Amino acid sequence: MLNARLFSALGLFAALLCCALPADAAPKKNVDAIRAECFKQANAAAQAQSANMSSGATAAANSAGYSTYRSCAQKNGIRP
């Protein structure tokens, strides 16, 4: 009787221990590399927008770069 209780307690303990440990299923993201790529995309979008040098081109270029950076960051699952 004592052996049965001991084995059941050990079985429950092992099951709870396995459930409590985190699984490393998701690979870690290199956030710095993702941010660098998003900045490159944002700079390219800003330069493409500022090609026409009309009035308000700076604001349009800044807006294009910012929206490109935000969309890239959200697509990659990082905070902008």
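Before any of the text, the structure's been laid out above.
Now for a description of the structure that goes with this document. (Residues numbered from 1 in each chain as written. Predicted model: local features only at pLDDT ≥ 70, side-chain atom pairs only at ≥ 80, totals over all residues. Heavy atoms only, no water.)

1. Some details on the overall build of the protein chain
On a plain count of helices and strands, the protein chain comes out with 3 helices and 0 strands. Mapped from its N terminus to its C terminus, the protein chain presents α and β elements in the order α-α-α. Per-residue burial over the protein chain gives 15% buried out of 80 residues. Restricting the contact set of the protein chain to residue pairs at least 6 apart, pairs at least 24 apart contribute 60%. Accessible area of the protein chain: about 6,400 Å², with a carbon and sulfur share of 62%. (Helix = DSSP H or I, 4+ residues; strand = E, 2+ residues; numbered from the N terminus. Buried < 20%, exposed > 50% of the residue type's maximum accessible area, 1.4 Å probe, protein only. Contact = heavy atoms within 4.5 Å. Areas by Shrake-Rupley, 256 points an atom, 1.4 Å probe, with all protein chains shown as cover.)

2. So, the nonpolar core
Core analysis: the largest hydrophobic core is formed by 7 residues, namely Ile34, Cys38, Ala42, Tyr69, Cys72, Ala73 and Ile78. At the level of elements, helix H2 (31–49) and helix H3 (57–76) are the ones that each hand at least two residues to this core. Sequence-distant contacts of Ile78, that is, excluding residues within four places in its chain, are made with Val31, Ile34, Arg35 and Ala73. (Core = buried A, V, L, I, M, F, W, Y, C linked by side-chain atoms within 4.5 Å.)

3. Quick look at the state of the cysteines
All chains considered together, the criterion is met by 1 disulfide. What pairs with Cys38 in a disulfide is Cys72, and their sulfur atoms sit 2.1 Å apart. Judged by the torsion about the S-S bond (-75 degrees), the Cys38/Cys72 disulfide is left-handed. Placement of the pair is Cys38 in helix H2 and Cys72 in helix H3, with a sequence separation of 34 residues. Pair check on accessibility: Cys38 and Cys72 agree, each one buried. (Disulfide = S-S within 2.5 Å.)

4. A closer look at H3
The end-to-end C-alpha separation of H3 is 29 Å, in line with the 28 Å expected for 20 residues at 1.5 Å each. Of all the residues in H3, the buried ones are Ala57, Ala61, Ala64, Gly65, Tyr69, Cys72 and Ala73. Projected down its long axis, H3 carries its buried residues within an arc of 155 degrees, all on one side. Of the exposed residues in H3, the ones pointing more than 90 degrees away from its buried face are Ala59, Tyr66 and Gln74. Residues of H3 that are buried in the fold lie against H2. (Expected span 1.5 Å × (residues − 1). Arc of directions from axis to C-beta.)

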